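# Observations on chain architecture
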Amino acid sequence: RHGAQTHPHLFFHPELLQQVEYRRRLEDDLRLAVEQRELKLFFQPIVDLHTGLLAGAEALLRWQHSERGAVSPEVFIPLAERIGLIGEIGRQVLDDACRQVAHWRRDGLEIYVSVNVSASQIPEELPPESILETLNSYGLPSHAIALEITEGVLMSNVSVAQNWIAQLRAAGLRIYLDDFGTGYSSLSYLKRFPMDTVKVDKSFIMDMNDDHTLVDAIITMTGSLGLNVVAEGVEEAAQLDLLRAMGCGYGQGYLFSRPVAAADFVATAKRINTE
Ligand code: C2E
Ligand code: CA
Ligand code: CA
Ligand code: CA
């Protein structure tokens, strides 16, 4: 916007104007969608590779726009962060995830749900006390919810992030480091920020057919630090075989299931647990 003011010719460039218009409308639509609770959680199975059984599910937001169709979270989450909506979205996500996992656990599906947390939610928009309150209000044990954070969370404010993580872990929640390997100092973070699990980024799993030394190294290293590993983006049986041979604990990806609506999750869980 500042650029547009200092360079008026840019502002009047028709394509840019269209982009600005498009974004403004998307912002308005997103505000409305949040208000009307139109963002829905889908759930993708996380499978225990030793037993082949369902261990948990990652909650992933979906926005089905009446005219635009599905808008990717890669688009609307950064937008929500910019326009100050991520706090409200995050509270809805946690609430919906807790309600859903409580429902499944009552029906005998003893799984956990992991929830994605953005750097801009920490700590004010998602204080540990309010997370624990939400869990409590659904009668959930603290291990029923895991929180997925990225290196961005850790980099934004080291001592704040350390405190936030420490308080939640002390209360029994598990913290997962998401997109592991895509940052530039992952290893040092594992020492500075005690965590439970790392999720190996799907780009490494996709490269495994060519070269699996990196994934092998990550699994060995995290194992020696006492951390669990989830391999993301497992699409092929050959990848699964390799991961199993390397001793990878958990897997997630289209090979097991795409993210599905809550209503379809129990059938998906049954399929995974019986095949
Ligand atoms: P992420 O947390 O890394 O989520 C994993 C992404 O990989 C998801 O994309 C999932 O659908 C996709 N995926 C899973 N298995 C496979 C596979 O086998 N192959 C391929 N190619 N992709 C696979 P999705 O749902 O589009 O979400 C994109 C990103 O949006 C997420 O990446 C996360 O950063 C963000 N996001 C989604 N929901 C939320 C949310 O509730 N809160 C926040 N803060 N961020 C969210
Ligand atoms: Ca199985
Ligand atoms: Ca994630
Ligand atoms: Ca990820």
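What comes next is a walk through the structure. Values in this document were obtained by computation on a predicted structure and should not be read as measured data.

In this section: the environment of Y176. The residue Y176 is located in strand β6 (residues 174-180) in this model. Through-space distance from the C-alpha of Y176 to that of S188 is 16 Å; in sequence the pair is 12 residues apart. Polar contacts involving the side chain of Y176 include one to the side chain of Y112, which spans 3.0 Å.

A word on the coordination of the calcium ion (ligand 2). Every protein donor of the calcium ion (ligand 2) is accounted for by G52 (O), I272 (O) and E275 (O), and the metal-donor separations fall at 2.6 to 3.0 Å. Counting along the primary sequence, the residues that act as donors to the calcium ion (ligand 2) give the motif G-x219-I-x2-E. Linking G52 in the loop between β1 (40-48) and β2 (54-65) with E275 in the segment after α13 (262-274), this pair joins segments that are 223 residues apart in sequence. When its relative accessible area of 17% is taken as the criterion, G52 is described as buried. With a relative accessible area of 65%, E275 lands in the exposed category.

On the protein side, the calcium ion (ligand 4) has D178 (OD), D179 (OD), E232 (OE) and E232 (OE) as donor atoms, found 2.2 to 2.5 Å from it. Each donor residue of the calcium ion (ligand 4) lies on the same chain, and together they follow the pattern D-D-x52-E. Separating the calcium ion (ligand 4) from the calcium ion (ligand 3) is a gap of 4.1 Å, bridged by D178, which donates to each. Of this pair, D178 sits in strand β6 while E232 sits in the loop between β8 (228-231) and α12 (237-245), and the two are 54 residues apart along the sequence. For E232, a relative accessible area of 9% gives the class buried.

Looking at where E27 falls in the secondary structure, it is placed in helix α3 (residues 14-35). What makes E27 buried here is its relative accessible area of 11%. For the pair E27 and L85, spaced 58 residues apart in the sequence, the C-alpha separation amounts to 9.7 Å.

With that settled, consider the environment of K202. For K202, the location among the structural elements is in helix α10 (residues 202-206). Through-space distance from the C-alpha of K202 to that of G253 is 8.7 Å; in sequence the pair is 51 residues apart.

The pairing of strand β7 (residues 197-200) with β8 spans 4 bridges and is classified as parallel. Among the inter-strand pairings, V200 is bridged to a residue of β8, identified as A231. Pairing analysis gives 2 bridges linking β8 to strand β9 (residues 250-251), with the strands arranged parallel. The residue bridging A231 from the neighbouring strand is G251, located in β9. Traced from β8 through α12 to β9, the parallel crossover comes out right-handed.

What counts and how
- Residues numbered from 1 in each chain as written.
- Chains lettered and ligands numbered in written order.
- Predicted model: local features only at pLDDT ≥ 70, side-chain atom pairs only at ≥ 80, totals over all residues.
- Heavy atoms only, no water.
- Helix = DSSP H or I, 4+ residues; strand = E, 2+ residues; numbered from the N terminus.
- Polar contact = N/O pair within 3.5 Å; in protein donor to acceptor, adjacent residues only side chain to side chain.
- Donors = N, O, S within 2.8 Å, 3.2 Å for Na, K, Ca; no water.
- Buried < 20%, exposed > 50% of the residue type's maximum accessible area, 1.4 Å probe, protein only.
- Pairing = 2+ DSSP bridges.
- Right-handed = clockwise from strand over helix to strand, strands pointing away.

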